[in-house]
Amino acid sequence: MLRSLFLTLVYLSFICLGVAAPFVLTLGYVWVDTFQPQAVAYIILNQIPVALIMGVAALASYFLMDRRSPPNITLPTVLTVTMGVWVTVTMLWAEVPAQGWIKWDWAFKTIMFSAFVPLVIRSRTQIEAFAQTYVFSLAANFVPFGLKVMISGGGYGRNLGLENGNSNLAEGGHLSTACLMAIPVALFLGRNTQLLPRSRWVMLGYVGLAGLALLTALGTYERSALVGLVALGLYMFMRSRNKLLFGLCLAGVGLAVVYVSSSAWTSRIDTVAHPMEEDSALTRILIWKWTLGYIATHPWGGGFMVWLMSRIEYPSGLVVFGRAFHSIYFEVLGEQGVVGLALFLGLACWAFVTLRSLARQTRDIPHLAWCADMSNALQSGLAVMLTAGAFVGIGFQPEFWYFIAMSVSLREYVRRVVQQRPAPLGWRARLSTAEAAPGAGAAAAGAAAAGAAASSWRHRRAIG
Amino acid sequence: MLDLVGIVFSSVMMVYVIFRAVQLDRTRPWFETAAPDHVPGQEAAAAKPVRSRKRRTTGRTGWVRPVRPRGTHR
């Protein structure tokens with residue numbers, strides 16, 4: 001009862017502050033989507049469409065009150081919107097339309113909301129607030145889970161989190177991947193936060209959060225978590241500046257995991273080496289084979305939940321129907337066909353290439369150094385998604401799409417800051433351009449004037 | 001009990017973060033305008049040589065042109 005009232009107050013605080021600053025409503029949607037207060041409340045919030053109210057409020061407040069400094073229409077935005085349209089089109093020939101439309105309902109909203117986020121999340125404060133919202137919303141799940149793992153050691157299939165059932169964050173593979181993706185973001189926030197006072201204690205707090213996220217991932221006993229953890233360690237090592245110190249920390253964490261982990265965890269992880277002898281791993285291989293066979297005859301995909309009509313045959317002769325894909329790649333390929341997979345991989349590739357470029361561009365600029373740090377954190381998180389996700393079917397869950405949205409927001413932020421550099425005017429401009437490239441002075445002056453004209457309408461206040 | 005710890009911690013931090021975000025969003029510039037090569041006090045340092053050069057062109061002999069009064073004076 002008290003828990004429900006408390007959560008209702010938090011929900012209302014998003015609405016009230018959203019009236020003053022519309023981007024808070026977008027953060028509220030992320031909070032509702034990640035934390036899912038309606039799933040842990042006993043009254044009020046579980047009886048009203050909390051996500052719908054917050055989503056409509058976020059959209060309406062942006063279009064009515066907050067259309068300042070819009071970002072450019074970029075390739076990832078086009079790819080994301082195209083993905084939203086394509087998943088709708090594939091429902092025209094969906095093999096299992098009744099179940100498919102249920103998945104379409106939340107997947108379509110996730111995709112389109114990620115295209116909307118860069119419109120609202122523009123400044124450094126807003127970008128950081130978005131990252132903080134993601135980490136703290138997830139913390140509601142992994143803080144108790146991690147503490148319970150410290151006490152009991154965790155276990156495969158043991159639901160130690162907030163939610164019941166076997167979907168969303170109650171599913172071990174999904175929870176472990178989301179937690180591992182949050183680790184680099186939490187460490188980034190510890191180093192660069194503006195919203196929380198910067199001190200050693202705050203940094204330690206974020207390190208503690210990252211530690212609990214790691215414990216949660218390990219405590220699920222998911223093999224995909226180990227794959228994601230290795231990818232995360234390697235990628236963060238590659239991107240770190242102080243490789244010796246980071247390598248020592250990594251070795252310490254590795255030794256701690258080996259020393260502390262139980263024999264049950266070790267025997268569970270050992271099955272990775274013998275996939276044909278283990279039922280779960282063998283099922284994955286068989287369902288992936290079925291997907292490739294299905295796509296050979298249905299290249300445009302079978303719509304959402306097409307796995308319900310899958311048929312796999314084990315070497316023992318046992319035939320099983322309706323096994324899930326257990327992989328983001330085969331999930332997208334089977335459901336959305338080659339077009340969907342191309343869009344998905346295109347977004348992932350764009351994110352990596354752009355974030356690497358951003359990190360290179362900003363790492364030596366003092367007031368943009370945080371952008372380089374965040375680029376590396378987002379890359380590390382995406383590396384987890386693309387490796388651990390190869391064994392978990394979470395292609396349309398919000399994590400991947402939020403990371404893409406944060407990447408777009410960050411890139412657009414850097415573009416606007418760089419564009420705003422005070423350009424030399426008048427004879428100084430002519431002199432500097434003549435020195436740099438003789439004959440280009442007039443073009444540069446024209447570009448500067450065009451830039452000034454563009455910034456004048458881009459930065460005007462929206463009506464309201 | 002531990003579930004409640006997670007919920008309360010997460011919710012309190014969320015409310016604090018959004019409250020601070022609203023505060024900072026109103027007080028700080030959205031896009032930091034400091035140029036990457038900007039050094040504080042650069043303008044003052046750059047202005048000095050210009051002034052001294054002017055003085056030198058008119059004041060090689062130490063004489064400074066008196067300021068001409070504005071108005072109806074021809």
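Residues numbered from 1 in each chain as written. Chains lettered and ligands numbered in written order. Predicted model: local features only at pLDDT ≥ 70, side-chain atom pairs only at ≥ 80, totals over all residues.

Enquirer: Any chance you could break down the overall build of chain A for me, citing the residues and the numbers?
Expert: When helices and strands are counted, chain A shows 18 helices and 2 strands. A buried classification covers 46% of the 464 residues belonging to chain A. (Helix = DSSP H or I, 4+ residues; strand = E, 2+ residues; numbered from the N terminus. Buried ≥ 20, exposed ≤ 12 C-beta atoms within 10 Å, placed from the backbone.)

Enquirer: Account for the environment of A:V32, with residues named and values stated.
Expert: Residues and elements named next belong to chain A. Along the chain, V32 turns up in helix α2 (residues 23-35). Residue classification places V32 among the buried residues on the basis of 21 C-beta atoms within 10 Å. C-alpha separation for the pair V32 and L52, spaced 20 residues apart in sequence, amounts to 9.8 Å. Those residues within four positions of V32 in sequence are excluded, and the remaining contacts are P37, V50, A51 and M54. (Contact = placed C-beta atoms within 7 Å.)

Enquirer: Before we move on, could you go through the nonpolar core and cite the residues and values that matter?
Expert: Residue and element names in this part refer to chain A. Among the nonpolar cores identified, the biggest contains 133 residues, and V135, L180, A182, A186 and A213 are the most heavily contacted of them. The element best represented in this core is helix α7 (residues 124-152), accounting for 14 residues. Both domains that furnish three or more residues to this core are identified here as domain 1 (1-68) and domain 2 (75-275 + 323-419). Apart from residues lying up to four places away in sequence, V135 is in contact with A182, V185, A186, L189 and L209. (Core = buried A, V, L, I, M, F, W, Y, C linked by C-beta atoms within 7 Å. Domains from an automatic or database assignment.)

Enquirer: Let's hear about unusual backbone geometry: which residues, and what values?
Expert: Unlike most non-glycine residues, A:Y221 shows phi in positive territory, near 60°. Looking at where A:Y221 falls in the secondary structure, it is placed in the loop between α9 (200-219) and α10 (223-239).

Enquirer: Give a detailed account of the interface of chain A and chain B, specifying residues and quantitative values.
Expert: With 42 residues of chain A in contact, the opposing surface of chain B contributes 28 residues. If you list the elements that add at least two residues to the side of chain A that touches chain B, you get α1 (2-20), α2, α7 and α16 (398-419) of chain A. Of the residues forming the side of chain A that touches chain B, the biggest block, 14 residues, is contributed by α7(A). Of the residues that constitute the side of chain A that touches chain B, the class distribution is 25 nonpolar, 12 polar and 5 charged. (Nonpolar A, V, L, I, M, F, W, Y, C, P; charged D, E, K, R; others polar.)

Enquirer: Give me the domain arrangement of chain A: which residues, what numbers.
Expert: All names here are of chain A. What the domain assignment lists for chain A is domain 1 (1-68) and domain 2 (75-275 + 323-419). A straight line from the C-alpha centre of domain 1 to that of domain 2 covers 23 Å. On the domain 2 side, the residues contacting the 14 residues of domain 1 number 18 residues. If you list the elements that add at least two residues to the side of domain 1 that touches domain 2, you get α2 and α3 (37-40). Looking at the side of domain 1 that touches domain 2, the element that brings in the most residues is α2, giving 9 residues.

Enquirer: Lay out the packing of α1(A) against helix α1 (residues 2-27) of chain B with the relevant residues and their values.
Expert: The N-to-C vectors of α1(A) and α1(B) enclose an angle of 15°; their axes lie 11 Å apart at closest approach. By the angle between their axes, α1(A) is roughly parallel relative to α1(B). Both α1(A) and α1(B) take part in a crossing whose hand is left-handed. Touching A:R3, A:F6, A:L7, A:V10, A:S13, A:F14, A:L17 and A:A20 of α1(A) are B:L4, B:I7, B:S11, B:M14, B:V15, B:I18, B:F19 and B:V22, all from α1(B). For the contact of α1(A) with α1(B), the class distribution of residues is 13 nonpolar, 2 polar and 1 charged. (Axes fitted to C-alpha atoms, helices over the stretch in contact; angles between N-to-C directions. Parallel < 35°, antiparallel > 145°, perpendicular 65-115°, else oblique. Left-handed = near helix turned anticlockwise from the far one by under 90°.)

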